[in-house]
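Summary of the model geometry
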Amino acid sequence: MNEPSALPQLASPPAPPPAPMGLLAELTHRCPLACPYCSNPLMLERAADELDTDTWRRILDEAAKLGVLQVHFSGGEPLIRKDLEALIAHAAGCGLYTNLITSGIALTQARANALADAGLDHAQLSLQDTDAQGADRFAGSKDTLAKKTASAAMLRAADLPLTLNAVMHRGNLDHLEAMIETAVHFGAGRLEVAHVQYYGWALRNRAALMPTRAQIDRATAIVTAARARLSGALVIDYVVPDYYASRPKACMGGWGQRFLNIDPVGRVLPCHAATTIPELVFDTVHEKSLAEIWENSSPFTRFRGTHWMPEPCRSCERKEMDWGGCRCQALALTGDAAATDPACSLSPRHAEMFTTAQTEAAAPAPKFIYRRGGSA
Ligand code: SF4
Ligand code: FES
């Protein structure tokens with residue numbers, strides 16, 4: 001790994017954008033599953049340290065005042081929080097659009113109805129695989145597929161619009177057609193074909209998860225055909241994964257431009273993986289208002305806009321389109337969060353990233369390392 005670059009900070013950071021569009025409320029790190037690509041930190045927060053209901057209510061008030069439009073209740077597994085309905089009701093009362101991101105494990109029809117009654121606008125259900133054995137292995141759990149199938153039916157019976165989140169990797173990409181059929185069967189209006197992002201646990205398990213180029217090409221063709229076939233019935237979100245892309249995605253819609261995350265203990269983050277960047281020290285909701293943090297805190301201003309960019313981003317015509325890609329990936333792959341994302345073919349580290357992907361995907365898949373210990 002390279003030494004982190006010591007880029008000069010601007011004396012005065014650029015003016016903040018008007019308002020974040022979305023707030024990701026990570027209510028808890030507790031979760032009944034142990035997916036080997038989990039994007040939560042390697043060190044999870046304890047239940048005893050989680051923000052309480054009143055603090056979350058205050059945060060939702062502040063978010064609405066700041067101009068946030070959508071709140072995504074997430075985790076871990078947000079259903080574990082007994083105050084989820086109260087928080088959804090409060091958010092809805094503030095005029096916020098509410099989305100629940102859930103594994104669906106342990107959902108009951110009564111709970112699904114209560115969530116809908118509280119004002120939930122939309123639910124996003126994760127799906128590990130359409131094969132029962134695979135679903136258990138990729139979730140580190142038991143009877144996963146049956147539980148997800150039941151949860152989808154409960155959410156639809158509660159009249160909640162549904163998105164299916166299919167996290168894809170070398171172990172399940174060959175089931176993509178079945179995933180698409182399952183989304184239709186579940187009554188989902190949208191399917192997110194989300195390739196694994198390699199931070200946190202996914203980076204640890206990268207060699208076991210990395211697909212081949214041929215798998216990606218087949219997946220792209222399947223999605224293209226399905227979009228045409230299912231037009232008007234199912235929206236499919238899909239982007240080529242970074243390790244096989246030539247230009248990076250605008251991660252988080254640009255650092256500190258559209259989203260903010262609050263973790264279970266109240267740290268306010270520009271992205272869910274930002275705690276992997278050691279140079280950043282995060283303010284918490286206990287010390288400062290959300291507006292103050294959004295506008296002025298150093299983790300948000302550090303990579304907001306273009307002032308921090310090195311070459312080739314600094315003089316690139318795409319710098320205000322992709323904002324230099326992903327800071328967490330730049331750190332994970334180069335040791336420098338301020339480097340050009342190696343997903344970009346203009347990065348000096350791009351060829352190395354592509355070679356890593358090809359080499360890992362061609363080798364036999366090692367066993368997964370699970371968060372709770374053990375392997376499979
Ligand atoms: Fe984006 Fe930087 Fe690559 Fe240009 S050089 S395309 S701004 S990552
Ligand atoms: Fe943190 Fe991309 S995941 S900026």
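Higher on the page you've got the structure.
Here goes a summary of the coordinates provided. (Residues numbered from 1 in each chain as written. Chains lettered and ligands numbered in written order. Predicted model: local features only at pLDDT ≥ 70, side-chain atom pairs only at ≥ 80, totals over all residues. Heavy atoms only, no water.)

Enumeration according to the criterion identifies 19 salt bridges in this entry. The closest approach of N and O atoms between E85 and R111, which form a salt bridge, is 2.6 Å. Linking E85 in helix α2 (residues 84-93) with R111 in helix α3 (residues 109-118), this pair joins segments that are 26 residues apart in sequence. Take E85: its relative accessible area is 16%, and that puts it in the buried class. (Salt bridge = Lys/Arg side-chain N within 4 Å of Asp/Glu carboxyl O. Helix = DSSP H or I, 4+ residues; strand = E, 2+ residues; numbered from the N terminus. Buried < 20%, exposed > 50% of the residue type's maximum accessible area, 1.4 Å probe, protein only.)

Spatially, the 9 strands line up as an open sheet ordered β7-β6-β5-β4-β3-β2-β1-β8-β9, and their pairing is mixed. With partners counted over all chains shown, the strands left at the sheet margins are β7 (235-238) and β9 (268-269), one partner each. Where helix α9 (residues 213-229) meets the sheet, it contacts β6 (190-195) and β7, and its direction lies at approximately 155° from that of β7. (Pairing = 2+ DSSP bridges. Contact = heavy atoms within 4.5 Å. Axes fitted to C-alpha atoms, helices over the stretch in contact; angles between N-to-C directions.)

Our focus in this paragraph is helix α4 (residues 132-139). Each α-helix turn comprises 3.6 residues. Residues three or four places apart therefore point the same way. Among the residues of α4, G134, A135, F138 and A139 are the ones counted as buried. When α4 is viewed along its axis, its buried side chains cluster within an angular range of 120° and face the same direction. Against the buried residues of α4 lie α5 (144-157). The opening residue of α4 is D131, an N-cap whose side-chain oxygen sits 3.3 Å from the backbone nitrogen of Q133. (Arc of directions from axis to C-beta. Polar contact = N/O pair within 3.5 Å; in protein donor to acceptor, adjacent residues only side chain to side chain.)

Attention now moves to the site of ligand 1. Ligand 1 sits among R247, P248, P312, C313, C316, R318, K319, D322, G324, T340, C344 and L346. Residue composition of the shell around ligand 1, by class: 6 nonpolar, 2 polar and 4 charged. (Near = heavy atom within 4 Å. Nonpolar A, V, L, I, M, F, W, Y, C, P; charged D, E, K, R; others polar.)

Time to look at helix α12 (residues 327-334). Counting buried residues in α12 gives 8 out of 8 residues, a clear majority hidden from the surface. Among the residues of α12, those classed as buried are R327, C328, Q329, A330, L331, A332, L333 and T334. Trailing α12 by a residue or two, G335 shows a phi angle of about 85°, which is positive.

On the secondary structure map, T130 appears in the loop between β4 (122-127) and α4. It is 7.1 Å that separates the C-alpha atoms of T130 and L145, two residues lying 15 residues apart in sequence. For T130, the contacting residues outside a window of four places in its chain are L145, H175, A178, M179 and T182.

Moving on: the nonpolar core. Soluble globular proteins: nonpolar side chains tend toward being buried together. Ranked by internal contacts, the top residues of the largest apolar core, which has 87 residues, are F73 and I262. With near-sequence residues (within four places) excluded, F73 lies in contact with A25, L27, L60, P78, L84, L87, I88, A91, T98, N99, L100 and I101. Ranked by size, the runner-up nonpolar core spans 20 residues in total, among them Y199, M252, A274 and M309. (Core = buried A, V, L, I, M, F, W, Y, C linked by side-chain atoms within 4.5 Å.)

On to the pairing of strand β8 (residues 259-262), then. Bridge count between strand β1 (residues 22-26) and β8: 4 bridges; the pairing is parallel. Of the residues in β8, the one forming a bridge with A25 is I262. Note: β8 against β9, 2 bridges, orientation antiparallel. If you follow I262 over to β9, its bridge partner there is V268. Connecting the antiparallel pair β8 and β9 is a turn made up of 5 residues, with G266 showing a positive phi of about 100°.

A few words now on the pairing of strand β5 (residues 162-168). A large share of β5 lies buried, amounting to 7 of its 7 residues. Neither face of β5 is exposed, since L162, L164, A166 and M168 on one face and T163, N165 and V167 on the opposite face are all buried. Pairing of β4 with β5, which is carried by 5 bridges, proceeds in the parallel orientation. Directly across from A123, in β5, lies its bridge partner L162. Bridge count between β5 and β6: 6 bridges; the pairing is parallel. Each residue of the ladder has a partner; that of T163, found in β6, is R190. Chirality of the crossover, the property in question, places the unit of β5, helix α6 (residues 176-186) and β6 among those that are right-handed. (Right-handed = clockwise from strand over helix to strand, strands pointing away.)

Per the counting criterion, the structure on display carries 7 aromatic pairs. When the ring of Y198 is compared with that of Y243, the centres are 5.2 Å apart and the planes differ by 80°; the resulting orientation is edge-to-face. Residue Y198 is located in the loop between β6 and α7 (200-204), and its partner Y243 is located in the loop between β7 and β8; the two are separated by 45 residues in the primary sequence. Here Y198 matches Y243 in class, with each residue buried. Between F368 and Y370, the ring centres sit 6.1 Å apart and the planes meet at 65°, which makes this aromatic pair edge-to-face. (Phe/Tyr/Trp six-rings, centres within 6.5 Å; stacked < 30°, edge-to-face > 60°.)

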